[in-house]
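Overview (structure and organization)
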Amino acid sequence: MRCRVLLFAHLADRCGPNHDLTLPDDATGRTVASELGLDNITSFCRVAINSRFASWDDPISDGDEVAILPPVSGG
């Protein structure tokens, strides 16, 4: 199964902004984070699947777009 992954802010600086990953059929958002070496971010970042906020344990389907969003602040 393949999915497109989008990263933002310091996550994009660390890993690059966009990735096309091949994942196992039972992949979740947590699997994506692990594949990118970002296991430790799930407690403070959000995941979105196809532009909708999701749980880190929600399943990913072939062709999905997964975005990992760091916390933001600003004015």
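Here we summarise the structure given alongside this text. Predicted model, so just to flag it, every value in this text is computed and none were measured.

1. Things to note about the sheet that holds strand β5 (residues 65-69)
Spatial strand order, β2-β1-β5-β3-β4: five strands in an open sheet with mixed pairing. The open sheet terminates on both sides in strands that have one partner only, identified here as β2 (18-22) and β4 (52-54). Each strand axis lies, on average, 30 degrees off the axis of its neighbour in the sheet, ignoring direction. Bridge count for strand β1 (residues 2-7) against β2 is five bridges, and the pairing is antiparallel. Residue pairing in the sheet places Val 5 in a bridge with His 19 of β2.

2. A short note on the state of the cysteines
Counted by the stated rule, this structure contains zero disulfides. No disulfide involves Cys 15; its nearest neighbouring cysteine sulfur is the one of Cys 45, lying 11 Å away.

3. What about the side chain of Asp 64?
Tracing the backbone shows Asp 64 in the loop between β4 and β5. For the buried Asp 64, no salt bridge is present, and the opposite-charge side chain at shortest range is Arg 52, 10 Å distant.

Reading the values: rules and limits
Residues numbered from 1 in each chain as written. Predicted model: local features only at pLDDT ≥ 70, side-chain atom pairs only at ≥ 80, totals over all residues. Heavy atoms only, no water. Pairing = 2+ DSSP bridges. Helix = DSSP H or I, 4+ residues; strand = E, 2+ residues; numbered from the N terminus. Axes fitted to C-alpha atoms, helices over the stretch in contact; angles between N-to-C directions. Disulfide = S-S within 2.5 Å. Buried < 20%, exposed > 50% of the residue type's maximum accessible area, 1.4 Å probe, protein only. Lys, Arg positive; Asp, Glu negative; His and termini not counted. Salt bridge = Lys/Arg side-chain N within 4 Å of Asp/Glu carboxyl O.

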